Structure formats: structure tokens, C-alpha cells
Amino acid sequence: MPGDALIGKRIKVLDKGYIELLDLMPHPDAGVSGDLAIVNAARVSYLGESKGTERDRKLLFFLMRHRHTSPFEMVEFKFRCRAPLLTWWQWVRHRTWSANAQSGRYTPFEEDDFYVPDVWRLQARSNRQASEGELDDASATGLTRDLIAHYENSFRLYRQALDAGVSRELARVFLPGFSVYYTWVMKVNAHNLMHFIKLRMAEDAQHEIRVYARAILEHFFRPALPWTAEAFETMVLNNTS
């Protein structure tokens, strides 16, 4: 089953981030695919289960088309994600995710725990919260050099505070907050994951979260739920019925 190869799979995102699938429900060992678990949940009113591939697939597409969402909540994904804080500020707005984060109070940060953009985007003229276009290469190179120097100095001050005996929870004030990488363990059902993907892959979403949403769709959601992904992309992302 596809889930056997998916659990433990890790995909690199941004310069130092990743997303890894820790677990699936139903687990591959259960012998029931995620798509079939959705179909079976929809048929529970009639105490029925699989009626063959063609009829099962047709029912799943019916559920998606008519927004019968509760059967899609019967499938869950559990991820380990590493992303910069400027991404997490948007991610945690999706309160349907269950999450637990790395704590800088318990574990010191590493020297390379900071996000370095590969492109410096320009402020959009017509949208206060968006970007468009790119900075020229010469200016971008200078900004990247300055950013890395800023990180190195901030980390030096952070380590200096720790070495002086300052608590980890307080020494963090020296670190550049929005760029520091955090690792989270997160769980979400398929229905709410589709809502996350729809919003965070939109053209007006910030690039740093779009790449995570796209990685989830391409590397985990499609392989784990091929029927559901096809129905979702056709009817919701592409807005057809």
C-alpha cells in the first residue's frame, strides 16, 4: 500500500526546513486505504462498506462535490515540520491542527537555525500584505551578506549570554525572532488539511508557507489519498464540478 512508503518520508523545504510524515490513520497495517476509509465512513448509515472500485470512487467524488465533509475527517495525517517562525505565525492560524513545538527553553538553538531567502521579493504596490517581483542581483547579494552577518552576530551574543549563565528562555532575546527555525509535531484530518492546502497554495499566500502546502499536497496527500486528491484538485482547487 502507498502508506508503507510514505511513513518516515521526509521532504526538504526552503533552505533548512523539511516536512516528514510520522503516521497515518488508517495505518497501512490496517489493510484499508484512506480513500476506502472515507467511503466506509460515508456508508455507515447503511451499515455498508466497499461496493467495488467503480462505485466506491463514484461515492467519494459525490461527497466532495456536495461538500459532505465529515467522512473526510476519518483520515488523519501526523507530520514533523521544520520551518521558520514567519511561516509558523500563519500556520497556527489554522486551529484545526493539533500541534506541539520545540522549545528554546529546553533545547539551545543551533548556529544555522536561521532562514536565508534565496530571493528577495519586493513589496506589492496594490496589496499591503503581499510581495511581487524581485530585487536586482547586486542588491540581493548585499542584503544576503548583511543578513548572514546579522545572524552570526546575534548567535554570538546568544551563546555569550548562555555562557554567562543566563537562562535559555531569556537568552533567546538575542536571536532574530522571525527567521529562527522551529520544529513542530502536528496532526490534522484530511478535511481540514484540504482547507489548509486551498488557502495556503493560493496566489496571495506568502511564498514561505505556499512551498510547505505544495510539498504536503504533492508528496503526501496525493500518494496517500489518490481518489480524494483527484476530486479535491478537480472540484475545489480548479473550481469545477
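Please read these numbers as outputs of a predicted model, since none were measured by experiment.

Cut-offs applied
- Every chain's residues receive numbers from 1 upward, in the order its sequence appears when written.
- Where local features are concerned, this predicted model is filtered to residues with pLDDT of at least 70; where side-chain atom pairs are given and counted, the filter is 80 or more; whole-chain, interface and lining totals use all residues.
- Only hydrogens and water are removed before side-chain values are computed, so all heavy atoms of the structure are retained for them.
- Each helix is a run of DSSP H or I of at least 4 residues and each strand a run of E of at least 2, with the numbering of both proceeding from the N terminus.
- Each residue is placed in one exposure class: buried if its accessible area under a 1.4 Å probe, protein chains only, is under 20% of its type's maximum, exposed if it is over 50%, and partly exposed if it falls in between.
- Residue contacts are counted whenever heavy atoms from the two residues lie within 4.5 Å of one another.
- Think of a polar contact as two N or O atoms within 3.5 Å of one another; within protein, one of them needs to be a possible hydrogen donor and the other a possible acceptor, and neighboring residues in sequence only count if both atoms come from side chains.
- Multiplying 1.5 Å by the helix residue count minus one yields the expected span of that helix.
- What counts as a salt bridge is simple: a side-chain nitrogen of Lys or Arg found within 4 Å of a carboxyl oxygen of Asp or Glu.
- Candidates for patches are residues over 30% relative accessible area with no salt bridge; among them, like charges are joined within 9 Å and nonpolar side chains (Val, Leu, Ile, Met, Phe, Trp, Tyr) within 5 Å.
- Surface accessibility in these figures is a Shrake-Rupley result with a 1.4 Å probe; residues are shielded only by whichever protein chains are displayed.
- We score Asp and Glu as negative and Lys and Arg as positive, and we do not count His or the chain ends.
- Note that the charge is assigned to NZ on lysines, CZ on arginines, CG on aspartates and CD on glutamates.
- By convention, a stacked pair of Phe, Tyr or Trp rings (six-membered ring in the case of Trp) has centres within 6.5 Å and planes under 30 degrees apart, an edge-to-face pair has planes over 60 apart, and any other such pair is tilted.
- A ring is scored as having a charge over it whenever the NZ atom of a lysine or the CZ atom of an arginine sits within 6 Å of its centre and within 35 degrees of its normal.

A.B. asks: Where do I start with the side chain of Glu233 in this structure?
C.D. replies: Position of Glu233 among the secondary structure elements: in helix α9 (residues 226-237). Taking the relative accessible area as the measure of exposure, Glu233 reaches 18% and is therefore buried. Residue contacts for Glu233: discarding those within four places in its chain leaves Leu217, Arg222 and Asn238.

A.B. asks: Would you take a moment to explain the side chain of Asp113 for this structure?
C.D. replies: Within the element layout of this structure, Asp113 appears in the loop between β4 (98-101) and β5 (121-123). With a relative accessible area of 6%, Asp113 lands in the buried category. A polar contact of 2.2 Å, which involves the side chain of Asp113, links it to the side chain of Arg82. Not counting chain neighbours up to four residues away, the residues in contact with Asp113 comprise Arg82, Ser179, Val180 and Tyr181.

A.B. asks: Would you take a moment to explain helix α3 (residues 53-65) for this structure?
C.D. replies: Every α-helix carries 3.6 residues per turn, so stepping three or four residues along brings you back to the same face. Between its first and last C-alpha atoms α3 spans 18 Å; for 13 residues at 1.5 Å apiece the expected length is 18 Å, and the two agree. Where the residues of α3 are buried, they touch α2 (34-42), α7 (190-200) and α9. At the exit of α3 stands Arg67, carrying a positive phi of roughly 60°.

A.B. asks: Help me understand the pattern of salt bridges in this model?
C.D. replies: Should their charged atoms come close, side chains of opposite charge can pair. Tallied over the entire structure, the rule returns 10 salt bridges. Put simply, Glu20 and Arg10 hold a salt bridge, and the shortest N to O gap is 2.9 Å. Residue Glu20 is found in strand β2 (residues 17-25), and its partner Arg10 is found in strand β1 (residues 10-13); the two are separated by 10 residues along the sequence. Judged by relative accessible area, Arg10 falls into the partly exposed class, the value being 45%.

A.B. asks: Any chance you could explain a negative patch on the surface here in plain terms?
C.D. replies: Together, Glu110, Glu111, Asp112 and Glu152 make up a region of like negative charge exposed at the surface. Positionally, Glu152 belongs in helix α5 (residues 137-163). Under the relative-accessibility criterion, Glu152 is labelled partly exposed at 49%.

A.B. asks: What should I look at first to understand the packing of aromatic side chains in this one?
C.D. replies: A ring pair, where both rings are aromatic, is described by two values, the distance of the centres and the angle of the planes. Tallying each qualifying case throughout the model produces 15 aromatic pairs. A ring pair is formed by Trp91 and Tyr212, whose centres lie 5.8 Å apart and whose planes are at 65°; its orientation type is edge-to-face. Of this pair, Trp91 sits in helix α4 (residues 85-91) while Tyr212 sits in helix α8 (residues 207-224), placing them 121 residues apart in sequence. For the pair Trp91 and Tyr212, a shared accessibility class is recorded, and that class is buried. Put simply, the rings of Phe77, Phe79, Trp88, Trp91, Trp97, Trp184, Phe196, Tyr212, Phe220, Phe221 and Phe232 touch in pairs and so form one group of aromatic residues. The ring centre of Tyr18 lies 3.7 Å from the NZ or CZ of Arg10, which sits over that ring.

A.B. asks: Help me understand α7 in this model?
C.D. replies: Turning to α7, its buried residues number three or more, namely Ala190, Asn192, Leu193, Met194, Phe196, Ile197 and Arg200. Considering only its buried residues, α7 is in contact with α3, β3 (76-84), α4, β7 (181-189), α8 and α9. Looking at where α7 begins, the residue whose side-chain oxygen comes 3.1 Å from the main-chain nitrogen of His191 is Asn189.

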